[in-house]
Amino acid sequence: MAEAVLQAPRPDGPSAAVRHVRRNWVPYLLLAPGLLWLLIFFAVPTLSLASQSLQTGDIDNGYALTWHWQTYTDALSSYWSQLLRSVIYAGTATVLTLAFGYPLAWFIAHRSGRWKNILLILVIAPFFTSFLIRTLAWQTILGDSGLLVNLTEATHTTFLLDGFKAVLRALGLISNDQLLFSPFAVICGLTYNFLPFMVLPLYANLERLDLRLTEAASDLYASPVQTFRRVIWPLSLPGVVAGTLLTFIPATGDFINSVLLGSTQTTMIGQVIDGQFLRVLDYPTAAALSFVLMALIISIVIFYVRRAGTEELV
Amino acid sequence: MSWIRRNLVIIVGLAVMVYVLLPNLVVIVYSFNKPAGRFNFSFTQFSIDAWTNPCGTPGICDSLGLSLQIGVVASLVATVLGTMVAFALGRHRFRGRAATNLLIFLPMATPEVVMGSSLLTLFIALGVPSGRTTILIAHIMFCLSFVVVTVKARVASLDPRLEEAAADLYAGPVQTFLKVTLPLVAPGIAAGGLLAFSLSFDDYIITNFNASPSSVTFPMYVWGAAQRGVPVQINVIGSVMFLGALAIVAIGQVVSAQRSKAV
């Protein structure tokens, strides 16, 4: 459609066309350096990775492109459980960031009054401080003689912690009495680390939401639950979609949380790829796993964006 | 009970706030600890030793310096390149716009481990040795898209009538750009630059693929320390970063609040 318009003969004569062409240079000049950078250091490496995944050989004698598709089936049959686990952990963390982030974003946007800026700063500031150091702090919090245990002992509320552990055990998120080095700790870390990625787009969206709409809904006898489901939620959908994508995509590939807070039972796919590349030096397997991960994420994202119905986003 | 129901949003919001801030408080508190062993897990004794001697552990300040250097250069380059792309996308209709948007979106939708490993494959194929330069190249690459998105939002929200008004008042295109457009877009560029710096400064996964044993960034140092035993100095640096970030964001908020009052 757009191309047909561009190629249509112009009624306003050649001089206008020349001016048009000259002005058309500007965007390409502006784009060139940035796009070249992305082409050379993002697009080309991705293609080079694709080629690597189909090569055979070893690091000493070099690799040759042999279209060895079996690397994919081998890699998948060895590591499907880590792949599945990554999607489940990242998906759970995304749902939790939404459940925690939505009330927080609403609270900051509409209920915090003159505290608004201060609360916003407190949500953004951790974003600018070291991700790794904060993740290590969770070891101190969740550890066996850690803050949580000490705190409940000091306040004689160990029964609360025990109840919480019982729930986690029933859900299969911890296997013994330990909070740290368990699926619970990994999901807790992922949720924590990616929460700002959810809160900020949600806040940007909810802040613009006109509160008179909720008044109008209640004037029309909608209950608070109905108002939320029929008015607020649909209007906040672009923020929800942006936030969930910004959380889910990096969380699926992340392995910092699963290494620092998890155990060998919680290995995620990023850790496998990292190890295959840097320790095992099996480049084809690592490249194939990278591609499978990418394909998996892209298909989940496309399915999700279609379902959520905000197609202008991607 | 009805009080709880009425204030549910506030209660949940504050609880989440505690969850967000708890690790930062732990980092600050444990920066005043004197640990008994290699690991700084339980608080044994109050001490300001680490604060008076933040470089006391070998390698820690070298890695910090390298990360600062890379962060500054990478965010500067990414901000300049990204701002140019954002202006092109926000201001011009041209052929290939959709493809450009896709190329900008893809790095944000690609897991870091995939980007890091693919770049490593390229560097291996080309025989480029890993080090400072390869880290810089990688950081500029993954920061670029975030700068474009941040600046583009600001460019798109610009009122074109302001520039028309400047032209009506006989400002040339260059003058209009420097005196009207750029100051209006500046907060977006600053936000994009800050975001790029924090992404670069904090990155472990991509950096680890493209670094050499002699180019250890701060996140790489922390990662190594997590296995060997975390020195208290790491908590000191973490505290300084948290308080510094609070200060920077707070100053930014005050300045922008005063500016909007003045206008």
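None of the values given here were measured: they were computed from a predicted structure.

Thresholds applied
Residues numbered from 1 in each chain as written. Chains lettered and ligands numbered in written order. Predicted model: local features only at pLDDT ≥ 70, side-chain atom pairs only at ≥ 80, totals over all residues. Heavy atoms only, no water. Helix = DSSP H or I, 4+ residues; strand = E, 2+ residues; numbered from the N terminus. Buried < 20%, exposed > 50% of the residue type's maximum accessible area, 1.4 Å probe, protein only. Contact = heavy atoms within 4.5 Å. Areas by Shrake-Rupley, 256 points an atom, 1.4 Å probe, with all protein chains shown as cover. Rg over C-alpha atoms; globule rule 2.2 N^0.38 Å. Lys, Arg positive; Asp, Glu negative; His and termini not counted. Charge placed at Lys NZ, Arg CZ, Asp CG, Glu CD. Patch = residues over 30% accessible without salt bridge, like charges linked within 9 Å, V, L, I, M, F, W, Y side chains within 5 Å. Salt bridge = Lys/Arg side-chain N within 4 Å of Asp/Glu carboxyl O. Buried area = accessible area lost by both parts, 1.4 Å probe. Nonpolar A, V, L, I, M, F, W, Y, C, P; charged D, E, K, R; others polar. Phe/Tyr/Trp six-rings, centres within 6.5 Å; stacked < 30°, edge-to-face > 60°. Axes fitted to C-alpha atoms, helices over the stretch in contact; angles between N-to-C directions. Parallel < 35°, antiparallel > 145°, perpendicular 65-115°, else oblique. Left-handed = near helix turned anticlockwise from the far one by under 90°. Expected span 1.5 Å × (residues − 1). Disulfide = S-S within 2.5 Å. pLDDT = per-residue confidence, 0-100. Pairing = 2+ DSSP bridges.

*Asks:* Quick question: what am I supposed to make of the overall build of chain B here?
*Replies:* Counting its secondary structure elements, chain B contains 12 helices and zero strands. Ordered by position in the sequence, the α and β elements of chain B form the string α-α-α-α-α-α-α-α-α-α-α-α. The C-alpha extent of chain B, read off along each of the three principal axes, is 70 × 65 × 40 Å. Taken over 263 residues, chain B has a buried fraction of 49%. For chain B, the share of sequence-separated contacts (at least 6 apart) that also reach a separation of at least 24 residues comes to 71%. On chain B, roughly 12,600 Å² of surface is accessible, and the fraction owed to carbon and sulfur atoms is 69%.

*Asks:* Hey, could you run me through the overall build of chain A in this one?
*Replies:* Counting its regular elements, chain A contains 13 helices and two strands. In terms of C-alpha radius of gyration, chain A reaches 25 Å, well past the compact-globule figure of 20 Å for 314 residues. The dimensions of chain A, computed from C-alpha atoms along their principal axes, are 85 × 70 × 35 Å. When each of the 314 residues of chain A is scored for burial, the buried share is 48%. For chain A, long-range pairs separated by at least 24 residues make up 68% of all intrachain contacts whose partners lie at least 6 apart in sequence. A total accessible area of about 15,800 Å² is found for chain A, and carbon and sulfur atoms account for 65% of it. One finds the centroid of the 18 positive side-chain charges in chain A at a distance of 12 Å from the centroid of its 18 negative side-chain charges.

*Asks:* Explain a nonpolar patch on the surface here, please?
*Replies:* A cluster of nonpolar side chains, namely L76, W80, L84 and I88 of chain A, defines an oily patch on the protein surface of about 400 Å² accessible area. Topologically, L84 of chain A is positioned in helix α3 (residues 70-111).

*Asks:* It is not clear to me how the interface of chain B and chain A should be interpreted in this structure. Could you clarify?
*Replies:* Often, the extent of an interface is quoted as the loss of accessible area upon association of its parts. If you look at the interface, chain B gives 78 residues, while chain A gives 75 residues. Between chain B and chain A, the buried area comes to about 7,300 Å², and carbon and sulfur atoms account for 81% of it. Summed over the shared surface of chain B and chain A, the result is zero salt bridges. Of the residues that constitute the side of chain B that touches chain A, the class distribution is 58 nonpolar, 16 polar and four charged.

*Asks:* Teacher, can you tell me more about the packing of aromatic side chains here?
*Replies:* Aromatic rings in a pair are described by how distant their centres are and how their planes are angled relative to each other. What the rule picks out here adds up to 23 aromatic pairs over all chains. Taking the centre distance of 5.6 Å and the plane angle of 80° together, the rings of Y102 of chain A and F228 of chain A count as edge-to-face. Taken as a pair, Y102 of chain A in helix α3 and F228 of chain A in helix α10 (residues 224-253) lie far apart in primary sequence, 126 residues in all. What makes Y102 of chain A buried here is its relative accessible area of 8%. Seen from their ring centres, F197 of chain B and F201 of chain B are 5.6 Å apart, and the 25° between their planes marks the pair as stacked. Of the two residues, F197 of chain B and F201 of chain B both sit in helix α9 (residues 173-202), four residues apart, roughly one turn of that helix.

*Asks:* Help me understand the packing of helix α4 (residues 60-91) of chain B against helix α7 (residues 132-156) of chain B in this model?
*Replies:* A pair of packed helices is captured by two measures, namely the crossing angle of their axes and the spacing between those axes. All names here are of chain B. Relative orientation of the contacting elements α4 and α7 amounts to 40°, with a least axis distance of 6 Å. The angle between α4 and α7 falls in the class oblique. The hand of the α4/α7 crossing is right-handed. Split by residue class, the contact of α4 with α7 holds 20 nonpolar, six polar and three charged.

*Asks:* Could you clarify how one ought to interpret helix α5 (residues 131-142) of chain A in this entry?
*Replies:* Two residues of an α-helix separated by three or four positions point the same way, owing to the 3.6 residues in each turn. Residue and element names in this part refer to chain A. Along its 12 residues, α5 runs 17 Å from first to last C-alpha, staying within 8% of the 16 Å computed at 1.5 Å per residue. Burial analysis of α5 places 12 of its 12 residues in the buried class, which makes it a mostly covered element. When α5 is considered as a whole, its buried residues turn out to be F131, L132, I133, R134, T135, L136, A137, W138, Q139, T140, I141 and L142.

*Asks:* Even after reading the chapter, I still don't get the state of the cysteines, so can you show me in this structure?
*Replies:* A disulfide bridge is the covalent bond that connects two cysteines by way of their sulfur atoms. Residues and elements named next belong to chain B. Under the defined criterion, the tally for this structure stands at one disulfide over all chains. Disulfide pairing is shown between C55 and C61; the S-S distance is 1.9 Å. Disulfide C55-C61: torsion about the S-S bond near -90°, hence left-handed. What makes C55 partly exposed here is its relative accessible area of 45%.

*Asks:* I keep staring at the environment of Y192 of chain A and nothing clicks. Help me out?
*Replies:* Relative to the helices and strands, Y192 of chain A is located in helix α8 (residues 183-207). Relative accessible area serves as the criterion here: at 3%, Y192 of chain A is assigned to the buried category. The spatial distance from the C-alpha of Y192 of chain A to the C-alpha of W138 of chain A is 9.7 Å, given a sequence separation of 54 residues. In this view, Y192 of chain A contacts R134 and W138 of chain A together with Y19, V20, P23 and N24 of chain B; residues no more than four positions away in its chain are not counted.

*Asks:* Quick question: what am I supposed to make of the confidence of the model for chain A here?
*Replies:* A low pLDDT score tells you not to read the predicted coordinates there in detail. Residue and element names in this part refer to chain A. The pLDDT averaged across chain A works out to 86; a share of 91% of its residues lies at or above 70. Helix α11 (residues 256-261) holds the highest mean pLDDT among the elements of chain A, 95, whereas helix α1 (residues 2-7) holds the lowest, 44. Of the regions scoring below 50 in pLDDT, residues 1-14 engages in four contacts with residues more than four places distant in sequence or in other chains.

*Asks:* Is there a simple way to explain the confidence of the model for chain B in this structure?
*Replies:* Here chain B averages 88 in pLDDT, and 98% of its residues register 70 or above. The element-level mean pLDDT for chain B is lowest in helix α1 (residues 2-6) of chain B, coming to 77, with α4 of chain B highest at 95.

*Asks:* I tried to follow the pairing of strand β2 (residues 62-65) of chain A on my own but got confused; where do I start?
*Replies:* Both faces of the sheet carry side chains from a regular strand, because those side chains alternate between them. All names here are of chain A. With four bridges connecting them, strand β1 (residues 55-58) and β2 associate as antiparallel partners. Bridge assignment links D58 to a residue of β2, and that residue is G62. Connecting β1 to the antiparallel partner β2 that follows it, the hairpin turn spans three residues.

*Asks:* What exactly am I supposed to notice about unusual backbone geometry here?
*Replies:* For H156 of chain A, which is not glycine, the phi torsion reads 55° and is therefore positive. Even without being glycine, Y170 of chain B reaches a positive phi, approximately 65°. Within the secondary structure, Y170 of chain B sits in the loop between α8 (160-168) and α9.

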